Amino acid sequence: MGASASSLRGAAALRVHLASRVRAGRARVRASWWLVLQASVAAGLAFAVGRYVVGHEYPFFAPVAAWVSLGFSRDRSLRRVAELAAGVAIGVAAGDLVVHLIGSGPWQMALVLFLAALLGRFLDAGPMLTTQAGVQAIVIVGLPSFAGRARSTAGSTPWWAAVWRSRSRC
């Protein structure tokens with residue numbers, strides 16, 4: 001009889017715990033749904049601008065930058081958004097440059113992280129810009145086959161050439 005009573009208490013405690021988790025989850029969704037919607041729409045618009053205005057067939061980093069910059073927190077200060085955007089740009093630029101000049105591999109990964117992090121630290125004392133620069137550089141150097149296919153089959157260009165081309169159209 002003791003084991004049965006113990007399992008009933010355990011089941012009741014589990015139900016209380018789950019009910020508490022569901023209430024907390026609902027509260028988090030209610031508090032952040034509008035911020036999540038804004039960031040989601042911004043990411044979709046960034047993808048559209050990357051594809052249809054800049055002309056990049058795979059504008060992967062545009063929605064990443066929008067999502068990470070806005071996210072779902074209430075901290076949307078101009079400084080935070082600028083740090084994230086600059087970090088993404090530095091990481092993508094460094095990764096793209098390394099892959100184009102010396103390919104990809106373990107030492108190239110270490111080199112691009114070293115360069116992106118030093119540039120990030122030179123530009124800003126906060127950790128956000130440097131962290132973003134490193135993460136984006138890792139993605140670029142770590143996924144060279146995707147980037148290579150995009151460039152070779154679609155005639156796509158590196159980020160800096162696309163920016164330069166779009167500037168010259170203005």
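Not measured: the values here are computed from a predicted model.

> What should I look at first to understand the overall build of the chain in this one?
What the chain contains, in helices and strands, is seven helices and zero strands. Along the chain direction, N to C, the helices and strands of the chain fall in the order α-α-α-α-α-α-α. Looking at the chain as a whole, 29% of its 170 residues are labelled buried. Within the chain, contacts between residues at least 6 apart in sequence are counted, and of these 67% link residues at least 24 apart.

> Whenever I open this one, the packing of helix α2 (residues 61-70) against helix α5 (residues 127-142) confuses me. Can you help?
The relative placement of two packed helices comes down to the angle between their axes together with the axis-to-axis distance. Running from N to C, α2 and α5 point in directions that differ by 155 degrees, and their axes come no closer than 13 Å. Accordingly, the angle class assigned to the pair α2 and α5 is roughly antiparallel. For the element pair α2 and α5, the recorded crossing hand is right-handed. For the pair formed by α2 and α5, the contact residues are F61, V64 and V68 on the first element and Q132, Q136, V139 and I140 on the second. Counted by class, the contact of α2 with α5 contains five nonpolar, two polar and no charged residues.

> What should I look at first to understand the side chain of E83 in this one?
Within the element layout of this structure, E83 appears in helix α3 (residues 78-102). For E83, a relative accessible area of 11% corresponds to the buried category. Every residue in contact with E83, bar those within four places of it in the chain, is listed here: D124, M128 and L129.

> So what exactly am I meant to see when it comes to the nonpolar core here?
Soluble globular proteins tend to bury their nonpolar side chains together. Grouped together as the largest cluster of nonpolar side chains are 15 residues, with contacts concentrated most on V112 and A116. Looking at this core, the elements that each hand over two or more residues are α2, α3, α4 (106-123) and α5. Here the element with the most residues in this core is α3; it accounts for six residues. Setting aside chain neighbours within four positions, we find A116 in contact with I90, A94, A133, G134 and A137.

> Mind showing me how you'd approach the packing of α3 against α4 here?
Across the interface, α3 lies against α4 with an axial gap of 9 Å and an inter-helix angle of 145 degrees. α3 and α4 meet at a crossing whose hand is right-handed. Of the residues in α4, those in contact with I90, A94, G95, V98 and I102 of α3 are W107, Q108, L111, V112, A116, L119 and L123. Class assignment for the residues of the contact of α3 with α4 results in ten nonpolar, two polar and no charged.

> Explanation requested: the pattern of salt bridges in the structure shown.
Opposite charge on two side chains lets them pair, provided their charged atoms get close. The tally for this structure, following the rule as stated, stands at two salt bridges. Linking R79 and E83 is a salt bridge whose minimum nitrogen-to-oxygen distance equals 3.0 Å. Here R79 and its partner E83 are both found in helix α3, four residues apart, which amounts to about one turn of the helix. Linking D124 and R79 is a salt bridge whose minimum nitrogen-to-oxygen distance equals 2.6 Å.

> So what exactly am I meant to see when it comes to α4 here?
Each turn of an α-helix holds 3.6 residues, which means side chains three or four residues apart point in the same direction. Under the 1.5 Å per step criterion, the end-to-end length of α4 is 26 Å for 18 residues, consistent within 8% with the ideal 26 Å. For α4, every residue scored as buried is listed here: Q108, V112, A116 and G120. Buried residues of α4 fall within an arc of 90 degrees about the axis and therefore sit on the same side. Summarising the geometry of α4, the exposed residues directed more than 90 degrees from the buried face are P106, W107, F114 and F122. Buried positions along α4 lie against α3 and α5.

What counts, and where the lines are drawn
Residues numbered from 1 in each chain as written. Predicted model: local features only at pLDDT ≥ 70, side-chain atom pairs only at ≥ 80, totals over all residues. Heavy atoms only, no water. Helix = DSSP H or I, 4+ residues; strand = E, 2+ residues; numbered from the N terminus. Buried < 20%, exposed > 50% of the residue type's maximum accessible area, 1.4 Å probe, protein only. Contact = heavy atoms within 4.5 Å. Axes fitted to C-alpha atoms, helices over the stretch in contact; angles between N-to-C directions. Parallel < 35°, antiparallel > 145°, perpendicular 65-115°, else oblique. Left-handed = near helix turned anticlockwise from the far one by under 90°. Nonpolar A, V, L, I, M, F, W, Y, C, P; charged D, E, K, R; others polar. Core = buried A, V, L, I, M, F, W, Y, C linked by side-chain atoms within 4.5 Å. Salt bridge = Lys/Arg side-chain N within 4 Å of Asp/Glu carboxyl O. Expected span 1.5 Å × (residues − 1). Arc of directions from axis to C-beta.

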